[in-house]
Amino acid sequence: MKYLACCALVLAACTSVDPHSEEAHGRKVMGLQEKFDRFDYNADGKITRKEAEQGIAESGVTGVTDEELDSMMRHYDVDKDGAISRWETQRAIDTPVPGHE
């Protein structure tokens, strides 16, 4: 009987969620906020270019050029204050970097 309960949990976890649903959007926002908090080293609610660079390096991601990082910062820094705020990251879910959809 306990195996049936485990099987039900596995099947429930495998059910597909419409990627455009409200639930999927909520999951994306939560995941993005977790990453935001990980990169916001001084916890001021903003990610500077230096923090983004540090976060990328510590994540083990390679191959990101200075030009790509500058492009990302320009694209997502809507208010042009030199940093990406929490609001700007939420906006990012619906506005991918051009050429990186």
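All of the points below concern the structure found in this document.

Calculation criteria
- Residues numbered from 1 in each chain as written.
- Predicted model: local features only at pLDDT ≥ 70, side-chain atom pairs only at ≥ 80, totals over all residues.
- Heavy atoms only, no water.
- Helix = DSSP H or I, 4+ residues; strand = E, 2+ residues; numbered from the N terminus.
- Buried < 20%, exposed > 50% of the residue type's maximum accessible area, 1.4 Å probe, protein only.
- Contact = heavy atoms within 4.5 Å.
- Core = buried A, V, L, I, M, F, W, Y, C linked by side-chain atoms within 4.5 Å.
- Arc of directions from axis to C-beta.
- Salt bridge = Lys/Arg side-chain N within 4 Å of Asp/Glu carboxyl O.

1. Concerning the overall build of the protein
And then number 1: A tally of regular secondary structure across the protein gives five helices and two strands.
And then number 2: In the protein, the succession of α and β elements from N to C terminus is α-α-β-α-α-β-α.
And then number 3: In the protein, buried positions account for 24% of the 101 residues.
And then number 4: Taking all contacts inside the protein whose residues are at least 6 apart in sequence as the whole, residues at least 24 apart take part in 37%.

2. Some remarks on the nonpolar core
And then number 1: Membership of the largest hydrophobic core is limited to ten residues, which are Phe36, Phe39, Ile47, Ala52, Ile56, Leu69, Met73, Tyr76, Ile84 and Ala92.
And then number 2: Among the secondary structure elements, those contributing two or more residues to this core are α2 (22-39), α3 (49-59) and α4 (66-76).
And then number 3: Looking at this core element by element, the count peaks at three residues for α4.
And then number 4: With sequence-adjacent residues up to four places away left out, Ile47 is seen in contact with Phe36, Phe39, Asp40, Ala52, Met73, Ala83 and Ile84.

3. Considering α4
And then number 1: Three or more residues of α4 are buried, namely Leu69, Met73 and Tyr76. Projected onto a plane normal to the axis of α4, the buried residues spread over an arc of 85° and lie on a single side. In α4, the exposed positions that point more than 90 degrees away from the buried face belong to Glu67 and Arg74.
And then number 2: Along its buried surface, α4 packs onto β1 (46-48), α3, β2 (83-85) and α5 (86-92).

4. Quick word on the pattern of salt bridges
And then number 1: In total, this model carries six salt bridges according to the counting rule given.
And then number 2: Here Asp81 and Lys46 are joined by a salt bridge, their closest N and O atoms 2.5 Å apart. Placement of the pair is Asp81 in the loop between α4 and β2 and Lys46 in strand β1, with a sequence separation of 35 residues.
And then number 3: Among the residues examined, Lys46 registers a relative accessible area of 31% and is labelled partly exposed.
And then number 4: For Arg49, the salt bridge is made with Asp70, and the minimal N-O distance between the two is 2.6 Å. One end of the pair, Arg49, is in helix α3; the other, Asp70, is in helix α4, with 21 residues separating them in the sequence.
And then number 5: Salt bridges here are not isolated pairs; linked through shared partners, they connect Arg49, Glu53, Asp66 and Asp70.

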